[in-house]
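# Topology and contacts: notes
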Amino acid sequence: MKRRAMRVFLLVVGLVLTGPHPFLLLKDFHRQEIIGAVPLWMDDRFEMEWVHSVELTPWRETYRVHWLRGMELAETSFQSFGAGVPTAFADAVVAVHDGWITVSGLHEQRDSVLYVISRKDYKLTAGGQQWKLSEVLPLGTSLELSVRWYPWWYRYLYRLKQKGSDV
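Reference entry: report on the structure contained in this document. Starting from 1, residues in each chain are numbered consecutively following that chain's sequence as written. pLDDT decides what is reported in this predicted model: residues at 70 or higher carry local features, side-chain atom pairs at 80 or more are listed and counted, and totals for whole chains, interfaces and linings draw on all residues regardless. Only hydrogens and water are set aside when side-chain values are computed; all heavy atoms of the structure are taken into account.

## Digging into the sheet that holds strand E4 (residues 58–66)
Being paired, for any two strands, means DSSP has found at least two bridges between them. Segments assigned H or I by DSSP are reported as helices when at least four residues long, segments assigned E as strands when at least two residues long, and all are numbered from the N terminus. The strand order across the open sheet built from seven strands is E6-E7-E5-E4-E3-E9-E10, with neighbouring strands paired in antiparallel fashion. Unpaired on one side and paired on the other, strand E6 (93–97) and strand E10 (129–132) mark the two borders of the sheet. Taken pair by pair, the neighbouring strands of this sheet meet at an average axis angle of 20°, ignoring direction. Pairing geometry for strand E9 (residues 123–126) and E10, over four bridges, is antiparallel. Across the sheet, the residue bridging to leucine 124 is tryptophan 131, located in E10. An axis is simply a line fitted to the C-alpha atoms; with a helix, the fit covers only the stretch in contact. Between two such axes, the angle follows the N-to-C directions and lies from 0 to 180 degrees.

Following this line, the structure appears as structure tokens:
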């Protein structure tokens, strides 16, 4: 009986280690080419930050990995209301701290999100790392972000690199 329990335990551990894990997948939307994949963990958060093109103030969107729904918009933060900034948030908490207006508790499911990387101020923070996106891909790229499940070794196949970097 002990041997059977040990085998079941090793099988479960093996499946967890070799089974699929969540990755933040970055794709060029128009060419449908993979740019990179960043390994994540369940309940991890990742952020996109840029300067709003009309208000000229910083904007940040925070997404959370959700094991059933892929990803969800967890919160958004900005420094001023104006063009394109939502003004009504159902069932959300709005707070102001250090000049940032943060709307949290959104829980808005997303299959993917698109950003046009039109300037050098776009930053992605994910998996404990940060990338200035103009150093990863050309300006004008339509960047699609999504959470997908792949084997653990996928991180080596599609590592997100800086332009001109072999690392």
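## Topic: a nonpolar patch on the surface
The grouping of Met42, Trp67, Leu68 and Trp149 at the surface amounts to a nonpolar patch, some 470 Å² of accessible area in total. Here tryptophan 149 lies in strand E11 (residues 141–151). Looking at tryptophan 149, the relative accessible area reads 37%, which means it is partly exposed. Candidates for patches are residues over 30% relative accessible area with no salt bridge; among them, like charges are joined within 9 Å and nonpolar side chains (Val, Leu, Ile, Met, Phe, Trp, Tyr) within 5 Å. Areas reported as accessible are Shrake-Rupley estimates using a 1.4 Å probe. Residue values count occlusion only from the protein chains shown. Salt bridge, as applied in this entry: a Lys or Arg side-chain nitrogen positioned within 4 Å of an Asp or Glu carboxyl oxygen. Burial classes follow relative accessibility: with a 1.4 Å probe on protein chains only, a residue under 20% of its type's maximum area counts as buried, one over 50% as exposed, and anything between as partly exposed.

## Observations concerning the packing of aromatic side chains
The pairing test for Phe, Tyr and Trp rings, Trp by its six-membered ring, is centres within 6.5 Å, and the orientation test on the planes gives stacked under 30 degrees, edge-to-face over 60, and tilted for anything in between. This structure, assessed with the given rule, holds ten aromatic pairs. Look at tryptophan 50 and tryptophan 59: their rings are 5.9 Å apart centre to centre, the planes differ by 25°, and that puts the pair in the stacked class. Here tryptophan 50 and tryptophan 59 have matching classes, each one buried. Note on geometry: a ring has a charge over it if NZ (lysine) or CZ (arginine) is within 6 Å of the ring centre and within 35 degrees of the ring normal. The ring of tryptophan 100 has arginine 60 sitting right over it, with the charged end atom 4.2 Å from the ring centre.

## What to know about the pairing of strand E8 (residues 113–117)
Two faces make up the sheet, and in a regular strand the side chains alternate between them. Of the two faces of E8, the one lined by Val113, Tyr115 and Ile117 is fully buried and the one lined by Leu114 and Val116 carries no buried residue. As paired strands, E8 and E11 are joined by five bridges and run antiparallel to one another. Note that in E11 the partner of tyrosine 115 across the bridge is leucine 143.

## Details of the side chain of glutamate 61
Tracing the sequence through the fold places glutamate 61 in strand E4. His residues and chain termini do not enter the charge count, which takes Lys and Arg as positive and Asp and Glu as negative. Notably, glutamate 61 is buried but unbridged: the nearest opposite-charge side chain belongs to arginine 110, and the N-O separation is 6.4 Å. Only 2.5 Å separates the side chain of glutamate 61 from the side chain of tyrosine 115, close enough to count as a polar contact. Once you skip the residues sitting within four places of it in the chain, glutamate 61 turns out to touch Phe46, Glu47, Met48, Trp50, Leu73, Glu75, Thr76 and Tyr115. Nitrogen and oxygen atoms within 3.5 Å of one another constitute a polar contact, given that in protein one can donate a hydrogen and the other can accept it, and given that sequence-neighbouring residues count only through two side-chain atoms. Between two residues, a contact is recorded if the distance between any of their heavy atoms is within 4.5 Å.

## A few points about the sheet that holds strand E2 (residues 33–39)
Reading across from one edge, E2-E1-E11-E8 is the order of the four strands in this open sheet, with antiparallel pairing throughout. The outermost strands of the open sheet, each flanked by one partner alone, are E2 and E8. In this sheet, adjacent strand axes meet at a mean angle of 30° when their direction is disregarded. The pairing of strand E1 (residues 20–28) with E2 spans six bridges and is antiparallel. Paired with lysine 27 across the strands is isoleucine 34, a residue of E2.

Treat this as a map of the structure, not an account of what it does.
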